Amino acid sequence: MPEHDVLIIGAGLAGQRAALAAAQAGASVAIMSKVHPVRSHSVAAAGGINAAISLDDDWRSHAFDTVKGSDFLGDQDAIEVMCSEAPGEVMHLEHMGVTFHRNEKGEMDLRAFGGASMKRTAYVADITGQALLHVLYEQLMKHHEQVERYEEWFTTSLLIDDAGRCVGVIARDVRSGRMESFLAKNVILACGGAGQAYKPTTNGLIVTGDGIALAYRAGAPLMDMEMVQYHPTCLVESGILITEGARGEGAHLLNANGERFMEKSAPNKMELASRDVVSRAEQIEINEGRGVGPNKAGIYLDVTVVPRKRTLEALREIVNLGRDFAGVDITREPIMIRPGQHYIMGGVKTDIDGRTPIDGLYAAGEVACVSVHGGNRLGANSLLDTLIFGRRAGEHAAARSASMPMPALNTVSRVQADEAGIDAIVRREKGGRRVSEIKDELGETMNRYAAVFRDEQGLQSARETVARLKEEAGSAWIDDRGTVFNQDVLGALELSYMLDCAEAIVLGAIERKESRGAQFRTDYAERDDENWLKHINITATADGPKVSYSPVNITQWEPEERKY
Ligand SMILES: Cc1cc2nc3c(=O)[nH]c(=O)nc-3n(C[C@H](O)[C@H](O)[C@H](O)COP(=O)(O)OP(=O)(O)OC[C@H]3O[C@@H](n4cnc5c(N)ncnc54)[C@H](O)[C@@H]3O)c2cc1C
């Protein structure tokens, strides 16, 4: 049975950064991913990464913008860590080989992003995630003697020993269908978000909440799950993302009357208010009949106001996306967009070193909730979060490994149990619903009731639907009965993970009887600091999910009214 000091599940930015840090600290490391690492969703990140590197900037300003963006739900001690360590991390990445865009003076160029009080976003055209991920992948190759790779291995459960410690995982080799157990002194979950629980979403097909559900099933609390980010500029049909970089470069949002309607809700920041504010403003225009296109369901994003040369240089990927997926040349005409599911602020509750309350289990990146994003994440703060807390988790886990023996556990019966679970899925008779049908209904339900605007009635209806879909998923059938690259069977497992995430999102949203950040309750339209300046935690118990609260950590910024 393979044994490692630090076993990382997920090879996006958080996982690879954790692996690099743990290897550099001398640990024996393994990194597991259900797809080839450079196909992780991090590769799709476009707009950039925030850091106060400009001489007239200060990390405290970045931290305050982040706190304000979070609608004061973010934990300020964690935000201070992230923002103060950001400049060093970005410079380190550049030294490792990331070719950040430079201005005419040869300095690192910075672009404007939503909710930021100054230009603070470093970028590589609009392929920043790809640039970062490939550099980290190359850097990890240098440590090949210390870092084992399990590429195209799918984790099915966490190994928890009798003392309640996490001591490894069980996984399936996607290529052969073989199941195996892996022992580790520490496991770091870096499995990304859960966007596929919504339809449409900007997230890749593999972003199915596996890590969140695995930790939840093992007893770890989930925090801030009700906080789901809708990005203001997604293509109307497909949900494909048009980066915030477009508005950062100066693009306008227009309603059917040609008005820049952001004047009403954010007269100072206009299109560059934070994402929750812009998405709500767009949804109001659509709901009140001032939308554009079929069913007036869209809003115009007008990139033609940006000089064409600049668009072709700095936004070339969305020029391609507009042409290929909407038939629009964004350098010559406006493109139709609307708010779409993009990111989940919530996740597995951790401290600033990535530790969950389960001994030996860490989480970092979108799977985790430190909480640095609170009620609403600022654009370009997620790449930063993955790298800072990925590194910190890797370092902490490596240090912890140095002073402990390799755990021992007989895993035979656990591997058999997971194998039996998969065999049962493969053997299901046709008759019930297909996995894909259930997934579609889940996504449409969440997008209807747990979206930009929410209310009690809609959320209760979502809760009932999710409960019914959980039942139906228990007998849902698949076509592929083979062992080699059986994506069908993995899809059934992913569906069960998404359903767990959806359940927690809806529960949290029902529980929070106020409007803050991404959670806007039409039946509780005000922010209510007196009762709700606290995190909601959801823990799985034998009697079903249990809700509890934890305090928001406030260091230097007292909550105040949020205006843009
Ligand atoms: C289109 C798009 C554009 C974005 N643009 C930006 C941006 O410009 N700036 C910004 O800050 N943020 C951006 N974001 C958000 C940001 O990219 C993500 O939050 C971040 O990259 C998540 O990184 P991660 O390492 O946590 O997870 P991911 O990159 O999603 O990686 C998850 C990893 O976990 C593995 N995994 C998952 N489940 C299993 C399992 N069961 N078994 C084994 N392996 C598993 C996957 O294979 C993968 O390797 C964007 C997001 C999207 C969708």
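The rules behind the values
- Residues numbered from 1 in each chain as written.
- Predicted model: local features only at pLDDT ≥ 70, side-chain atom pairs only at ≥ 80, totals over all residues.
- Heavy atoms only, no water.
- Phe/Tyr/Trp six-rings, centres within 6.5 Å; stacked < 30°, edge-to-face > 60°.
- Buried < 20%, exposed > 50% of the residue type's maximum accessible area, 1.4 Å probe, protein only.
- Lys NZ or Arg CZ within 6 Å of the ring centre and 35° of its normal.
- Salt bridge = Lys/Arg side-chain N within 4 Å of Asp/Glu carboxyl O.
- Helix = DSSP H or I, 4+ residues; strand = E, 2+ residues; numbered from the N terminus.
- Polar contact = N/O pair within 3.5 Å; in protein donor to acceptor, adjacent residues only side chain to side chain.
- Lys, Arg positive; Asp, Glu negative; His and termini not counted.
- Contact = heavy atoms within 4.5 Å.
- Expected span 1.5 Å × (residues − 1).
- Bend = angle between axes of the 7 residues up to and from the residue.
- Pairing = 2+ DSSP bridges.
- Near = heavy atom within 4 Å.
- Areas by Shrake-Rupley, 256 points an atom, 1.4 Å probe, with all protein chains shown as cover.
- Nonpolar A, V, L, I, M, F, W, Y, C, P; charged D, E, K, R; others polar.

Peer 1: Describe the packing of aromatic side chains, and please don't skip the residues or the numbers.
Peer 2: Across all of its chains, the model carries eight aromatic pairs by this definition. Where Tyr150 meets Trp153, the ring centres are 6.1 Å apart and the plane angle is 75°; that geometry is what we call edge-to-face. Like Trp153, Tyr150 is buried. An aromatic cluster is defined as three or more aromatic residues linked by ring pairs; in this entry it consists of Tyr150, Trp153 and Phe182. Sitting above the plane of the Trp532 ring, Lys534 keeps its charged end 5.0 Å from the centroid. Taking NZ or CZ as reference, Lys534 lies 4.0 Å from the ring centre of Tyr549, over its face.

Peer 1: So what's going on with the pattern of salt bridges? Residues and values would help.
Peer 2: Any two side chains of opposite charge can pair, given that their charged atoms come close. According to the stated counting rule, one finds 54 salt bridges in the structure shown. The residue Arg512 makes a salt bridge to Glu226 at a minimum N-O spacing of 2.7 Å. Of this pair, Arg512 sits in the loop between helix H15 (487-511) and strand E19 (520-521) while Glu226 sits in the loop between strand E10 (222-223) and strand E11 (228-235); the two residues are 286 residues apart in sequence, bridging distant segments of the chain. With a shortest N-O distance of 3.7 Å, Glu244 and Arg247 are connected by a salt bridge. Arg247 sits in the buried class, given a relative accessible area of 3%. Connected through salt bridges with shared partners, the residues Asp71, Glu226, Asp276, Arg280, Arg512, Glu514, Arg516, Arg527, Asp529 and Arg562 form a single ionic network.

Peer 1: Talk me through the environment of Asn531; I want residue IDs and the actual numbers.
Peer 2: By the element assignment, Asn531 lies in helix H16 (residues 529-532). Owing to a relative accessible area of 42%, Asn531 belongs among the partly exposed residues under this scheme. It is 8.8 Å that separates the C-alpha atoms of Asn531 and Glu514, two residues lying 17 residues apart in sequence. Within polar-contact distance, the side chain of Asn531 engages the side chain of Asp528 at 2.9 Å.

Peer 1: Please give an account of unusual backbone geometry that cites residues and values.
Peer 2: Here the residue pair Lys199 and Pro200 is connected by a cis peptide bond, since its omega of 0° sits within 30 degrees of zero. The omega angle of the peptide bond from Val370 to Ser371 is 5°, so this bond is cis rather than trans. Turning to its location among the elements, Ser371 is positioned in the loop between strand E17 (368-369) and helix H11 (382-402). Within the chain, Asp71 stands out as a residue other than glycine whose phi angle is a positive 55°. Considering the arrangement of structural elements, one finds Asp71 in the loop between helix H2 (59-69) and helix H3 (76-96). On the accessibility criterion, Asp71 (7% relative accessible area) is buried. Phi at Asn295 takes a positive value of approximately 55°, unusual for a residue other than glycine. Checked against the element boundaries, Asn295 lands in the loop between helix H8 (275-287) and strand E13 (299-302).

Peer 1: Outline the side chain of Asp302, supporting the account with residue identities and numerical values.
Peer 2: By secondary structure assignment, the location of Asp302 is in strand E13. For the buried Asp302, no salt bridge exists, and the shortest N-O distance to an oppositely charged side chain is 8.6 Å, to Arg260. Reaching out from Asp302, the side chain makes a polar contact with the side chain of Thr304 at a distance of 2.5 Å. If sequence neighbours within four positions are ignored, Asp302 has contacts with Ala251, His252, Leu254 and Pro334.

Peer 1: If you had to explain H3 to someone new, which residues and values would you point to?
Peer 2: Taking 1.5 Å per residue as the helical rise, H3 with its 21 residues ought to reach 30 Å, and the 30 Å between its terminal C-alpha atoms agrees with that figure. Within H3, the axis deviates most sharply at Ala86, by approximately 45°, and proline Pro87 lies no more than four positions further along.

Peer 1: So what about the sheet that holds strand E5 (residues 121-122)? Which residues, and what values?
Peer 2: Paired through backbone hydrogen bonds, the strands of a sheet run either parallel or antiparallel to each other. A sheet is described by the order of its strands in space; here three strands give the open sequence E3-E5-E4, paired in antiparallel fashion. For this open sheet the edge positions go to strand E3 (49-50) and strand E4 (110-111), each flanked by a neighbour on one side alone. Direction of pairing for E3 relative to E5: antiparallel, over a ladder of two bridges. Following the sheet pairing, Asn50 is matched in E5 by Thr121.

Peer 1: Can you explain the site of the ligand? Please cite residues and give values.
Peer 2: The environment of the ligand is formed by 37 residues, the closest being Ser40, His41, Ser42, Glu366 and Ser382. A distance of 3.0 Å is found between a nitrogen atom of the ligand and a backbone nitrogen or oxygen belonging to Lys34. Between Gly48 and the ligand, the recorded distance is 2.9 Å, taken from a backbone N or O atom to a nitrogen atom. Summarising the interface, the protein chains cover 97% of the accessible area of the ligand, which totals 1,000 Å² for the free molecule. Taken together, the elements giving at least two residues each to the shell around the ligand come down to helix H1 (13-24), strand E7 (153-160), strand E14 (335-344) and H11. Classifying every residue of the shell around the ligand gives 16 nonpolar, 17 polar and four charged.

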